[in-house]
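# Chain and residue survey
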Amino acid sequence: MAACRTVSLLGATGSIGASTLDLVGRESEAYQVLALTANSDPQALAQLAIEHGARVAVIADEAHYDALKLALAGSGVEAAAGRKALVEAARLGADWTMAAIVGCAGLEPTLAALECGKTVALANKESLVSAGGLMMEAARASGATLLPVDSEHNAIFQCLAGADLAEVRRIILTASGGPFRTMPLDEMARVTPEQAVRHPNWSMGAKISVDSATMMNKGLELIEAGHLFPIGLDRIEILVHPQSVIHSLVEYRDRSTLAQLGSPDMRIPIAHALAWPQRMEGPSAPLDLACIGRLDFGVPDEVRFPALRLARAAGEAGGALPAVLNAANEIAVAAFLDRRIGFLDIASIVESTLSGYSGPDPRTIEDVLEIDRAARRIAADEMESVRV
Ligand code: NDP
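Here, residues in each chain are numbered from 1, in the same order as that chain's written sequence. Local features are withheld for residues below a pLDDT of 70 in this predicted model, meaning they are given only at 70 or higher, and side-chain atom pairs are given and counted only at 80 or more; totals for whole chains, interfaces and linings count all residues. Calculation of side-chain values draws on the structure's entire complement of heavy atoms; hydrogens and water are dropped beforehand.

## Quick word on the sheet that holds strand β11 (residues 257-261)
Stated formally: Between any two strands, pairing holds if DSSP finds at least two bridges. The way it works is that DSSP assigns letters per residue, a run of H or I at least four long becomes a helix, a run of E at least two long becomes a strand, and they are numbered from the N terminus. The angle between two axes is taken between their N-to-C directions and runs from 0 to 180 degrees, where each axis is a line fitted to C-alpha atoms and a helix contributes only its stretch in contact. In what follows, a contact means two residues having at least one pair of non-hydrogen atoms within 4.5 Å.
If you trace the four strands from one edge of the open sheet to the other, you get β9-β8-β10-β11, paired in mixed fashion. In this open sheet, the two strands that pair with only one neighbour each are β9 (236-240) and β11. With direction set aside, neighbouring strand axes in the sheet form an average angle of 20°. Where strand β8 (residues 168-175) and strand β10 (residues 246-252) come together, five bridges link them in antiparallel fashion. Counted as the bridge partner of Ile 171 is Val 250 from β10. The sheet contacts of helix α11 (residues 216-228) involve β8 and β9, and relative to β8 the element is tilted by about 155°.

## Describing helix α14 (residues 306-317)
Quick reminder of the rule: Multiplying 1.5 Å by the helix residue count minus one yields the expected span of that helix. Exposure is judged per residue with a 1.4 Å probe applied to protein chains only, and the accessible area is read against the type maximum: over 50% gives exposed, under 20% gives buried, and values in between give partly exposed.
Counted at 1.5 Å a residue, the expected span for α14 with its twelve residues is 16 Å, and the 17 Å between its end C-alpha atoms agrees. The set of residues buried in α14 consists of Pro 306, Ala 307, Leu 308, Leu 310, Ala 311, Ala 314 and Gly 315. Turning to α14, the residues buried within the fold contact α10 (206-214), α11, β9, α15 (321-337) and α16 (345-356). Immediately downstream of α14, the backbone of Gly 318 shows phi near 65°, a positive value.

## Looking at the sheet that holds strand β4 (residues 78-81)
In space, the seven strands of this open sheet follow the order β4-β3-β2-β1-β5-β6-β7, with parallel pairing throughout. For this open sheet the edge positions go to β4 and β7 (145-148), each flanked by a neighbour on one side alone. Between one strand and the next, the sheet's axes are offset by a mean angle of 20°, whatever the strand orientation. Here four bridges tie strand β2 (residues 31-38) to strand β3 (residues 56-59), and the two strands are oriented parallel to one another. Across the sheet, the residue bridging to Ala 35 is Val 56, located in β3. Running over the sheet, helix α1 (residues 15-26) touches β1 (5-10), β2 and β5 (96-99) and is turned about 160° from β1.

## A short note on the pairing of β9
Side chains of β9 alternate between two faces, with Ile 236, Ile 238 and Val 240 buried and Glu 237 and Leu 239 left unburied. Looking at chain direction, β8 and β9 are connected through five bridges and run parallel. Each bridged residue has a counterpart across the sheet, and for Ile 171 the counterpart in β9 is Ile 236.

## Quick notes on unusual backbone geometry
Here the bond from Trp 276 into Pro 277 is cis, since omega is 5°, no more than 30 degrees from zero. In this structure, Ser 244 is a non-glycine residue whose phi angle is positive, near 50°. In this fold, Ser 244 is placed in the loop between β9 and β10. Positive phi outside glycine occurs at Arg 339, with the angle close to 65°. As for its position among the elements, Arg 339 is in the loop between α15 and α16.

## Points about the site of the ligand
Keep this limit in mind: By convention in this text, a residue qualifies as near a molecule or strand provided that one of its non-hydrogen atoms is within 4 Å of it. We define a polar contact as two N or O atoms separated by no more than 3.5 Å, with the added condition that, inside protein, one atom must be a possible hydrogen donor and the other a possible acceptor, whereas residues neighbouring each other in sequence contribute only through side-chain atom pairs. Using a 1.4 Å probe, accessible areas were evaluated by the Shrake-Rupley method; residue-level cover was limited to the displayed protein chains. Residues are grouped as follows: Ala, Val, Leu, Ile, Met, Phe, Trp, Tyr, Cys and Pro are nonpolar; Asp, Glu, Lys and Arg are charged; every other residue, Gly included, is polar.
Of all residues adjacent to the ligand, which total 26 residues, the nearest are Thr 13, Ser 15, Asn 39, Ser 40 and Glu 126. Note that an oxygen atom of the ligand is positioned 3.4 Å from one of the backbone N or O atoms of Gly 11. Ala 123 has a polar backbone atom sitting 3.4 Å from an oxygen atom of the ligand. Here the ligand loses 86% of its free accessible area of 900 Å² to cover by the protein chains. Those elements giving two or more residues to the shell around the ligand turn out to be α1, α4 (83-90) and α6 (125-142). Taken together, the residues of the shell around the ligand sort by class into 13 nonpolar, eight polar and five charged.

As structure tokens, then:
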């Protein structure tokens, strides 16, 4: 048996956290849990930390420190709180870290994990969108291995199998199209948060579910792919594939195209990243193509889903704009979930925030965080004009 590996989970109480701990728990003799983190759910965090024998549990929101300490009393798990403690937990140097905090809030801890030079499994796409260049540079400098967990990027990573990117002609990111793939625009204006978070294929956290419904998720993934697989955004295409069976494709120079397939279960890409470069026994349902019967494909509709156009433009422009796009989207999605704006307002707010922002390109993480804050302020102002 391989030696026991230490693992940390940033965002342990979320959907990706649950899937990861499910896999870790199935082979508990192979993994020792160092740090588990959450934001505002001390009870859930304490329960997971005790169950998995974590060394430390960190709650980002300090207001919940006492509750966490109480819930961990007598368990032997150390309790910590605050942004600084979160970054320190990421710096403990686990052999394998799952970066699964949602949003740009994950940037500093993910970067801290990368700087340790070990393996980081990346689910937190917003950090790569906002600070991709700096993160890839940090990974290069420390010698860290960055493994993509987003199912599309994990699929591309598997299809590449270490091939030279010079051999690749195109990357094709598949998109389910979300719950409103065929809904007319006037109906989309009236959709509720409950409808938006009900994804037809995947079970995910609220923010990424709304991103899937607006297709901003695919736009963020386009920028993410541009950093992970730098062949140029003009050679990364989006293909609508409602069944979410093919998770992405790589076309080589000789026109041979490789695809990765699997049931829509995040434990498949997470298991790939957890066991990499080996494979582990997976608990997910096997793919039954005879039962599925057919696979459909189509082109994305940038009129009903303007987020795709906005993300491609921000990704191509580079500089501060991807971070502005991401921050405005985070603010708008939170407002939609709070019923303060309508569904179609999300992309409008992102668009007006992008137009309203001007500033220099980021050179450091502090610059990115400042851009993030400035874009949130602009987006909040823009929101005043569209409140429902
Ligand atoms: P969830 O909302 O389910 O979980 C988010 C996690 O992050 C929770 O542990 C939450 O803690 C923590 N968190 C939230 N805000 C903060 C903060 N400000 N500081 C520190 N921690 C915070 O999200 P998902 O698991 O769905 O997604 C996580 C990431 O993975 C996202 O970037 C998403 O885009 C990406 N991803 C998710 C997929 C999925 O299937 N779910 C697929 C591919 C990528 P608490 O519970 O206390 O709020």
